[in-house]
Amino acid sequence: MSVMLLIEQVLNGLQYGVMLFLMAAGLTLVFGVMGLINLAHGSLYMVGAFACAGVAAATGSFWLGLAASLAAAAAAGALVEVAVIRRLYDRDHLDQVLATFALILVFSEGTRWLFGSFPLYLSVPEVLSGAVTLPGGIEYSLYRLAIIVAGFAVAAGLFWLIGRTRLGVRIRAGESDREMIAALGVDIRKLYTVVFALGAALAGLAGALVGTIQSVQVGMGEPVLILAFVVIVIGGIGSIKGALVGALLVGMTDTLGKVLLPVAFGTVMDASDATAIGSALASMLIYILMAGVLIYRPQGLFGEAH
Amino acid sequence: MLRESWINAVLLAALVAVPLWALAAGEPFVITLATKVAIFALAGVGLNLALGLGGLISFGHAAFFGLGGYVAGILAWHEANAMPVTTLPFTIEGTNEMLAIWPVAMLVAGLAAALIGALSLRTSGVYFIMVTLAFAQMLYYFAISWPAYGGEDGLSFYVRNTFPGANTFDPIQFFAICLVLLAGALALSWAIRRSRFGLALMGARQNAQRVVSLGIRPFGIRLTAFVISGMITGLAGALYADLNRFVSPQMLSWHMSGEIMIFVILGGVGRLYGPIAGAGLFILLEHLLGGVSEYWQALLGLLLLVVVLFARGGLIGVLSKEARDG
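Because the structure is a prediction, the values reported are computed rather than measured.

K.L.:
Can you lay out the overall build of chain A for me, pointing to particular residues and giving the numbers?
P.N.:
When its secondary structure is counted, chain A shows 11 helices and two strands. Of the regular secondary structure in chain A, the N- to C-terminal order runs α-α-α-α-β-β-α-α-α-α-α-α-α. Here the C-alpha radius of gyration of chain A, 20 Å, is about what a compact globule of 306 residues would show, namely 19 Å. Dimensions along the principal axes, computed over C-alpha positions, put chain A at roughly 65 × 50 × 40 Å. Expressed as a percentage of the 306 residues in chain A, the buried residues total 55%. Carbon together with sulfur atoms contributes 66% to the accessible area of chain A, which is approximately 12400 Å² in total. Looking at charge distribution, chain A has the averaged site of its 15 positive side-chain charges lying 12 Å from that of its 17 negative ones.

Right, dumping it as structure tokens:
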């Protein structure tokens, strides 16, 4: 395996990790602030992707589609929060799991009803199509590079929002003591809606960005959702920093495992067996990583002991 | 209102009477539906031990359901192709005897539950939900990418496995086998509720600290419950594979985990007969709503939302207006 190919795969891993971060950030924020486990987060990712594909197809502009994905996912998030999620904060996790599982059924079938079962395709905008030559002579897709940059920019923006703004102060205060900040005059219900919509918008953005690489279809959010769970279990639930580290770890492990394991097995057995065993093992690798983290630190890398 | 024991009696009577009526009326499809209810209820009885008694919200019971199914499928496939499952370190032949398949299915599911449980029980609360889900997904992706037994397409075996003295191809006879196993599992969970072990398990759910102060370590109790729970669900998986004569990674998917959870919760968490009510209601809805609209799952989702938000305690809870026992 050449170094060039390896570097390309590392970049792919980075791009995958950044996507997972956009998903995991909303999930972990909602859990940290409201104590809610939201399975329907993957549906918001799907809403974002469909909104982007729909608007891009109607107007011909990817950028309008991207804006629409943010708006649609945030609106869907706010709507769901007000109609359903709000009633679940005081319930136990079992009720939350079940109600948000029910929301997935509603979202998936609703989308199928609106858009049909056939996948939609989004094309890469003109400006970002093609490849760039990186230092060292590596050709890499400009679009994927743009996703990596955009992902890190969003991450930086999120850290700034949480750490440096008034809204961030309220969010962090809400995490530690919701009665206290309600007593101090913060409208906690509105704050929760805002946080939920923010997480939803991030998921919608991820959906729109990935929709260009993969196809846009019903059920696309579910595999990503489960990976996002793995990410926040590794990183520690409620921690944005943990979500970033976990996402990059998972993205790298998964991408590199799928490339390297078959090659590694190929050195000791014949090619077809090596591909079969290598790829089967590679698909389990991130879960093995998660199990390892759990043995070492059950509360996750950046989680607080509970 | 109605007493819970009366509701239970009616449920069981209905589960027996409907297939008998179908037999008399010549409706084999209804018998198959009833068989599905019995098998799903069995899977639910398994989960109910962990979820209802132990308070362990496992979102990964599809792992055990699917493993049981794959054991049945793989053994039957090897028997049909006259190939041993393995020759190293010693020869294991395939089989199509249900009596041989069931213990293997339960053993494999139990081992998996011991491993998954030992790791997952290091965590609690929302972590436990996600971790059990993640481990089930791990098996799901493994089944998809492992080509030997059909990979993503699944594995068909054309002949239903045999049971001594019965014709398993006759729907009513296969139903009877499933029903007897369901009754056995119900009796077991009834006995567990009344045992010291069951009391400790319920105590650990209600107040773990008190149980610790009595000198009982919750970890061992919970792990044992999780393993028994996985074994029962694994047995249900083996039966489900036999019902369809087909296994696929779908049986391991998280939708399956969600559905098993729905059986338990629709019926009423922690109630002995809850899974029967839940599975029955689910199959009935699937059948009725499926006739109304192609998008019946959206209706199911809305209904589920209403149950979670407004009808806590599930079907039996609503009918009996009693707080759950245990």
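Right, picking up where we left off after that structure.
K.L.:
For unusual backbone geometry, give the residues involved together with the corresponding values.
P.N.:
Residue and element names in this part refer to chain B. Backbone geometry at Ala 82 places phi at a positive 50°, although glycine is not the residue there. Here Ala 82 shows up in the loop between α3 (62-80) and α4 (98-120). The phi dihedral of Arg 245 is positive, around 50°, even though this residue is not glycine. With respect to the helices and strands, Arg 245 occurs in the loop between α9 (218-244) and β2 (246-247). Judged by its relative accessible area of 29%, Arg 245 is partly exposed.

K.L.:
Lay out the packing of aromatic side chains with the relevant residues and their values.
P.N.:
Within the structure shown, the criterion is met by 19 aromatic pairs over all chains. Judged by centre distance (6.3 Å) and plane angle (70°), the ring pair of Phe 101 of chain A and Phe 59 of chain B falls under edge-to-face. Of this pair, Phe 101 of chain A sits in helix α4 (residues 93-115) while Phe 59 of chain B sits in the loop between α2 (28-53) and α3, which puts the two residues in different chains. Residues Tyr 140 of chain B and Tyr 141 of chain B carry aromatic rings whose centres are separated by 5.2 Å and whose planes lie at 65° to one another, so their mutual orientation is edge-to-face.

K.L.:
Mind laying out the pattern of salt bridges, listing which residues take part and the relevant values?
P.N.:
Residue and element names in this part refer to chain A. Applying the stated rule across the entire model yields four salt bridges over all chains. One salt bridge in this structure joins Arg 91 and Asp 95, with 3.2 Å as the shortest N-O distance. What makes Arg 91 buried here is its relative accessible area of 16%. Measuring nitrogen to oxygen at the nearest pair gives 3.3 Å for the salt bridge that ties Asp 254 to Lys 258.

K.L.:
How would you summarise the confidence of the model for chain A if you had to cite specific residues and measurements?
P.N.:
Averaged over every residue, the pLDDT of chain A is 89; residues scoring 70 or more account for 99%. Confidence, expressed as mean pLDDT per element, reaches its minimum in chain A at strand β1 (residues 131-134) of chain A with 81 and its maximum at helix α3 (residues 62-83) of chain A with 94.

K.L.:
Describe the packing of helix α6 (residues 171-194) of chain B against α9 of chain B, naming the residues involved and giving the relevant values.
P.N.:
Residues and elements named next belong to chain B. Taken N-terminus to C-terminus, the directions of α6 and α9 make an angle of 175°; their axes are 11 Å apart at the nearest point. Compared by their axis directions, α6 and α9 come out roughly antiparallel. For the pair α6 and α9, contact is made by Phe 174, Cys 178, Leu 181, Ala 185, Leu 188 and Ile 192 and by Ile 228, Ile 232, Leu 235, Leu 239, Asp 242 and Leu 243, respectively. Here the residues of the contact of α6 with α9 sort into 11 nonpolar, no polar and one charged.

K.L.:
Mind laying out the packing of helix α5 (residues 142-164) of chain A against helix α8 (residues 188-211) of chain A, listing which residues take part and the relevant values?
P.N.:
All names here are of chain A. Their axes nearest at 11 Å, the elements α5 and α8 cross at an angle of 170°. Considered as vectors, α5 and α8 are oriented roughly antiparallel to each other. Contacts between α5 and α8 involve Tyr 143, Ile 147, Val 154, Leu 158 and Leu 161 on the former and, on the latter, Leu 198, Leu 202, Leu 205, Ala 208 and Leu 209. Broken down by class, the residue content of the contact of α5 with α8 amounts to 10 nonpolar, no polar and no charged.

K.L.:
Account for the confidence of the model for chain B, with residues named and values stated.
P.N.:
Put simply, chain B has an average pLDDT of 89, and 98% of its residues get 70 or more. Ranking the helices and strands of chain B by mean pLDDT puts α9 of chain B first, with 96, and helix α13 (residues 314-320) of chain B last, with 77.

K.L.:
Any chance you could break down the environment of Gly 317 of chain B for me, citing the residues and the numbers?
P.N.:
With respect to the helices and strands, Gly 317 of chain B occurs in helix α13. For Gly 317 of chain B and Gly 267 of chain B, which are 50 residues apart along the polypeptide, the C-alpha to C-alpha distance reads 7.8 Å.

K.L.:
With reference to specific residues and values, describe α9 of chain B.
P.N.:
In an α-helix there are 3.6 residues to a turn, and that puts residues three or four apart on one side. All names here are of chain B. Across its 27 residues, α9 extends 39 Å between first and last C-alpha, which sits within 8% of the 39 Å expected from 1.5 Å per residue. Where burial is concerned, most of α9 is hidden: 20 out of the 27 residues are buried. Count one or two residues on from α9 and you reach Arg 245, which has phi positive near 50°.

K.L.:
Give a detailed account of the interface of chain B and chain A, specifying residues and quantitative values.
P.N.:
Across the boundary between the two partners, chain B contributes 42 residues, which contact 46 residues of chain A. Surface buried jointly by chain B and chain A totals about 4300 Å² across both partners, of which 81% is contributed by carbon and sulfur atoms. On the chain B side of the interface with chain A, the three residues burying the most area are Tyr 127, Met 130 and Trp 254 of chain B, jointly 17% of the side's total. Counting across the interface, chain B meets chain A through zero salt bridges.

K.L.:
Report on the side chain of Arg 91 of chain A, specifying residues and quantitative values.
P.N.:
Inspection of the secondary structure puts Arg 91 of chain A in the loop between α3 and α4. Within the local environment of Arg 91 of chain A, its side chain forms a polar contact with the side chain of Asp 95 of chain A, the two groups lying 3.2 Å apart. Setting aside chain neighbours within four positions, we find Arg 91 of chain A in contact with Gln 96 of chain A together with Val 308, Leu 309 and Arg 312 of chain B.

K.L.:
For helix α11 (residues 274-292) of chain B, give the residues involved together with the corresponding values.
P.N.:
All names here are of chain B. Spanning 19 residues, α11 covers 26 Å between terminal C-alpha atoms, matching the ideal 27 Å at 1.5 Å per step. Listing the buried residues of α11 in full gives Gly 274, Pro 275, Ile 276, Ala 277, Gly 278, Ala 279, Phe 282, Ile 283, Leu 285 and Leu 289. Those residues of α11 that are buried lie in contact with α1 (4-25), α2, α6, α10 (254-267), α12 (296-310) and α13.

Calculation notes
- Residues numbered from 1 in each chain as written.
- Chains lettered and ligands numbered in written order.
- Predicted model: local features only at pLDDT ≥ 70, side-chain atom pairs only at ≥ 80, totals over all residues.
- Heavy atoms only, no water.
- Helix = DSSP H or I, 4+ residues; strand = E, 2+ residues; numbered from the N terminus.
- Rg over C-alpha atoms; globule rule 2.2 N^0.38 Å.
- Buried < 20%, exposed > 50% of the residue type's maximum accessible area, 1.4 Å probe, protein only.
- Areas by Shrake-Rupley, 256 points an atom, 1.4 Å probe, with all protein chains shown as cover.
- Lys, Arg positive; Asp, Glu negative; His and termini not counted.
- Charge placed at Lys NZ, Arg CZ, Asp CG, Glu CD.
- Phe/Tyr/Trp six-rings, centres within 6.5 Å; stacked < 30°, edge-to-face > 60°.
- Salt bridge = Lys/Arg side-chain N within 4 Å of Asp/Glu carboxyl O.
- pLDDT = per-residue confidence, 0-100.
- Axes fitted to C-alpha atoms, helices over the stretch in contact; angles between N-to-C directions.
- Parallel < 35°, antiparallel > 145°, perpendicular 65-115°, else oblique.
- Contact = heavy atoms within 4.5 Å.
- Nonpolar A, V, L, I, M, F, W, Y, C, P; charged D, E, K, R; others polar.
- Expected span 1.5 Å × (residues − 1).
- Buried area = accessible area lost by both parts, 1.4 Å probe.
- Polar contact = N/O pair within 3.5 Å; in protein donor to acceptor, adjacent residues only side chain to side chain.

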